[in-house]
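Chain by chain, the residues:
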Amino acid sequence: MAGFVPELRAEVLRQQMTLYACRERLVAHTDSEALHDLRVALRRLRSLLKPLKGAAGSDLLQQRAAELGRLSGPLRDLEVLIAHLRQCALDAAADRREPRWQQGVLGLLGSRSLSALLLALDEWPQVLNEARADGQLDGLKKRVRRYLRKQRSRLSSALQDPAHDGHRLRLLIKRVRYTAEAYPDLAAVPAAQIRELKKAQSALGDWHDHQQWLARAEQEPDLLPRVPVWQRSMLAAERRAEGVLAELESRLAE
């Protein structure tokens, strides 16, 4: 435990610094990956906190991170669509959506969700120290290992279900991958399995994007000409995902 708590504190601090950096990148419009990186940092932070449920003030941080995740999700979906439209040389359609994205970023930067999370992160080290002094962190390693086993079992069961839901699988894959990366010593997940988790997450992400675009086309008429193309490419994405998921199932069984 002597080394575990400082390592946990340091990893949460790394994600906090990443969130600060992403905020500044969004303010300065320096690159197109700032929002994506912010969401990855949120996912990594939540993966660190999930196994600690009920201890060390983790519940409040988890709640704040989830709120920001819900706020930033639709904005990231819009950002991905704009980038795709530009790749397809549909600049007029992309340009029409750019002001909405920019307004969304301003709303995110000025949101209570972002400021509340950053404030909670500033206060968390003191909460962690108090929890440690009170003995709340006793047995924390066992709790983390138990959580990892549970999530891995859930993922394996979902992969074996012929009627598995792609959205739920994507969530489970993220949980296993990011928690394993958050606690590499406790998880002891082989590098080959991590690679398969990443591939599966990417394949399901492609399928998810197509679903999002087709749903948007029902409400945004200028996207309707893309529907036949997206329907075909979504089917191809589904086939790729099924192949990758089969490989992941085999890897997890090793």
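Each chain carries its own residue numbering, running from 1 in the written order of its sequence. Predicted model: local features are reported for residues with pLDDT of at least 70 only, side-chain atom pairs are reported and counted for 80 or more only, and whole-chain, interface and lining totals are derived from all residues. Computation of side-chain values: all heavy atoms of the structure, hydrogens and water removed.

### So, the pattern of salt bridges
Right, so step 1: Definition used for salt bridges: Asp or Glu carboxyl oxygen within 4 Å of a side-chain nitrogen of Lys or Arg. Under the criterion given, the structure shown has 20 salt bridges.
Right, so step 2: Among the ionic pairs, arginine 86 bridges to aspartate 95, the shortest N-O distance being 2.8 Å.
Right, so step 3: In this structure, arginine 96 engages aspartate 222 in a salt bridge whose closest nitrogen and oxygen atoms are separated by 2.9 Å. Note that arginine 96 is positioned in helix 4 (residues 91–109) and aspartate 222 in the loop between helix 9 (191–217) and helix 10 (227–252), a separation of 126 residues in sequence.
Right, so step 4: Burial status follows relative accessibility: with a 1.4 Å probe on protein chains alone, a residue under 20% of its type maximum counts as buried, one over 50% as exposed, and anything between as partly exposed. Among the residues examined, aspartate 222 registers a relative accessible area of 31% and is labelled partly exposed.
Right, so step 5: Where salt bridges share partners, they join Arg96, Arg97, Arg100, Arg216, Glu220 and Asp222 into one cluster. Numbered from the N terminus, helices here are DSSP runs of H or I no shorter than four residues, and strands are runs of E no shorter than two.

### Let's talk about the packing of aromatic side chains
Right, so step 1: Pairing of aromatic rings covers Phe, Tyr and Trp, the last counted by its six-membered ring, and requires centre-to-centre distances within 6.5 Å; plane angles under 30 degrees mean stacked, over 60 mean edge-to-face, and any other angle means tilted. Summed over all chains, the structure comprises one aromatic pair.
Right, so step 2: Consider the rings of tryptophan 213 and tryptophan 230, whose centres lie 5.4 Å apart with planes at 40°: the pair is tilted. Within this pair, whereas tryptophan 213 is found in helix 9, its partner tryptophan 230 is found in helix 10, the two being separated by 17 residues in sequence. No difference in accessibility class separates tryptophan 213 from tryptophan 230, as the two residues are buried.

### So, the domain arrangement of the protein chain
Right, so step 1: The domain boundaries here were taken from an automatic or database domain assignment. Domains assigned within the protein chain are domain 1 (1–138) and domain 2 (139–253).
Right, so step 2: One C-alpha centre belongs to domain 1, the other to domain 2, and the line joining them spans 20 Å.
Right, so step 3: Whether two residues are in contact is decided by their heavy atoms, any of which lying within 4.5 Å being enough. Contacts between domain 1 and domain 2 engage 29 residues on the former and 26 residues on the latter.
Right, so step 4: For any pair of parts, buried area is found by adding up, for both, the accessible area (1.4 Å probe) each one loses once the two are put together. With both chains or domains summed, domain 1 and domain 2 bury close to 2,500 Å², and 58% of this area falls on carbon and sulfur atoms.
Right, so step 5: Of all residues in domain 1, Phe4, Arg43 and Pro51 bury the most surface against domain 2, accounting for 24% of the area lost on that side.
Right, so step 6: Where domain 1 meets domain 2, there are five salt bridges.
Right, so step 7: Residue aspartate 222 is joined to arginine 97 by a salt bridge in which the shortest nitrogen-to-oxygen separation is 2.7 Å.

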